[in-house]
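# Coordinates in review
Here is what each chain is made of, one letter per residue.
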Amino acid sequence: MSNPRLSAQQRRQDILQRTTAEGPSTVDDLAARYDVTPSTIRRDLTRLGEAGLLARTYGGVIAVNGHGESSLPERAGEAQGEKRAIAKLAAERITAGATLILDAGSTIAAMTPHLRHREELTVVTPNLQVINDLSDENSPVQVIAVAGRLRKLSRSFVGALAEATLERVRGDIAFLGADSVSSDGQLCEMETEQTRLKEIIGRRVTQVYVLAHGAKLGKAIGQASLSMPPSWTVVTDESAQPEHIEQLRALGHEVIVA
């Protein structure tokens, strides 16, 4: 057991170091290790999560940077050509006068150049980059921001407030991001808060597109996932492996290749 007289700051630093080195840990295990209450550990995890250092899982926590999640600026520099092609094709699916719900993610944000001059378009989004890109006073697009807890790594809002807002919104089309899409039709993310938001979004629209470049298909990345209904369409690019595309089509998903 660690020294129970550690300050809160020292304890949080030790939690971060141990979870990075040792992998996932539960609230109860951490409370016993530091001889504090579970509520104290939950407060520690909330602070570390707000800083983008840890991701909450069912009952516990995992170190973010120790397990491969990059920040939004880092991801924006990856697979740029593929993301632009996917974003352009996705934007072509939008009809005049539509209400869109745009999820977090760099591929979703890549859609904004194709949207900012569209007339009679409403965009509902927790994505800070999308909000910023469409905030130009000369843009005719109406923007409805979905606020909540700011998840700094993805620069988007999650949590109960964001969920409550989305439960009161109806849209026509949703465009969702993903850390990965597994061969058995799971949309995977680092945190359950992210997948809960996507589940709600899926219930508030009539059509859902999941945007995922080829390298994201056929993998299960992160600690949270949701099963994609067969009605959800996956938009990918030419770098996707044919077997990954066929596996999703066998589950009933339409797969569009940009």
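It should be emphasised that the depicted structure is a prediction, and the values quoted were computed from it without experimental measurement.

Before going further, it helps to examine the pairing of strand β11 (residues 186–189). Burial of the side chains of β11 extends over both faces: Gln-186 and Cys-188 are buried on one face and Leu-187 and Glu-189 on the other. Connecting strand β10 (residues 180–181) to the antiparallel partner β11 that follows it, the hairpin turn spans 4 residues, and Gly-185 within it adopts a positive phi of roughly 80 degrees. Looking at chain direction, β11 and strand β13 (residues 224–227) are connected through 4 bridges and run antiparallel. Residue Gln-186 lies in a different strand from β13, and its bridge partner there is Ser-227.

With that settled, the discussion passes to the packing of helix α2 (residues 27–34) against helix α3 (residues 38–50). Packing of α2 against α3 leaves a shortest axis separation of 9 Å and a crossing angle of 110 degrees. The orientation of α2 with respect to α3, classified from their angle, is roughly perpendicular. Taken together, the residues of α3 that come into contact with α2 (itself represented by Val-27, Asp-28, Leu-30, Ala-31 and Tyr-34) are Pro-38, Ile-41, Arg-42 and Leu-45. Here the contact of α2 with α3 is built from residues that sort into 7 nonpolar, no polar and 2 charged.

The final tally for this structure, using the stated rule, is 11 salt bridges. The residue Asp-44 makes a salt bridge to Arg-12 at a minimum N-O spacing of 2.8 Å. Within this pair, whereas Asp-44 is found in helix α3, its partner Arg-12 is found in helix α1 (residues 8–22), the two being separated by 32 residues in sequence. Overall, Asp-44 belongs to the buried group, its relative accessible area being 1%. Close ionic contact of Arg-196 with Glu-163 constitutes a salt bridge, the shortest N to O distance being 3.2 Å. Pair noted here: Arg-196 is in helix α9 (residues 192–203) and Glu-163 is in helix α8 (residues 160–166), with a separation of 33 residues, a long-range link. Judged by relative accessible area, which is 34%, Arg-196 ranks as partly exposed.

Moving on: the packing of aromatic side chains. Given two aromatic rings, one states the distance between the centres and the angle between the planes to describe the pair. Tallying each qualifying case throughout the model produces 1 aromatic pair. Between Phe-175 and Tyr-209, the aromatic rings sit 5.4 Å apart at their centres with planes inclined by 15 degrees, giving stacked as the arrangement. Here Phe-175 is found in strand β9 (residues 173–176), whereas its partner Tyr-209 is found in strand β12 (residues 207–211), with 34 residues between them in sequence. A relative accessible area of 3% places Tyr-209 in the buried class.

Alignment of strand β5 (residues 122–125) against strand β6 (residues 142–145), held across 4 bridges, turns out to be parallel. Of the residues in β6, the one forming a bridge with Thr-125 is Ala-145. Each parallel crossover has a hand, and for β5 linked through helix α7 (residues 128–133) to β6 it is right-handed.

The rules we used
- Residues numbered from 1 in each chain as written.
- Predicted model: local features only at pLDDT ≥ 70, side-chain atom pairs only at ≥ 80, totals over all residues.
- Heavy atoms only, no water.
- Buried < 20%, exposed > 50% of the residue type's maximum accessible area, 1.4 Å probe, protein only.
- Helix = DSSP H or I, 4+ residues; strand = E, 2+ residues; numbered from the N terminus.
- Pairing = 2+ DSSP bridges.
- Axes fitted to C-alpha atoms, helices over the stretch in contact; angles between N-to-C directions.
- Parallel < 35°, antiparallel > 145°, perpendicular 65-115°, else oblique.
- Contact = heavy atoms within 4.5 Å.
- Nonpolar A, V, L, I, M, F, W, Y, C, P; charged D, E, K, R; others polar.
- Salt bridge = Lys/Arg side-chain N within 4 Å of Asp/Glu carboxyl O.
- Phe/Tyr/Trp six-rings, centres within 6.5 Å; stacked < 30°, edge-to-face > 60°.
- Right-handed = clockwise from strand over helix to strand, strands pointing away.

Everything listed is a geometric property; what it means functionally is a separate question.
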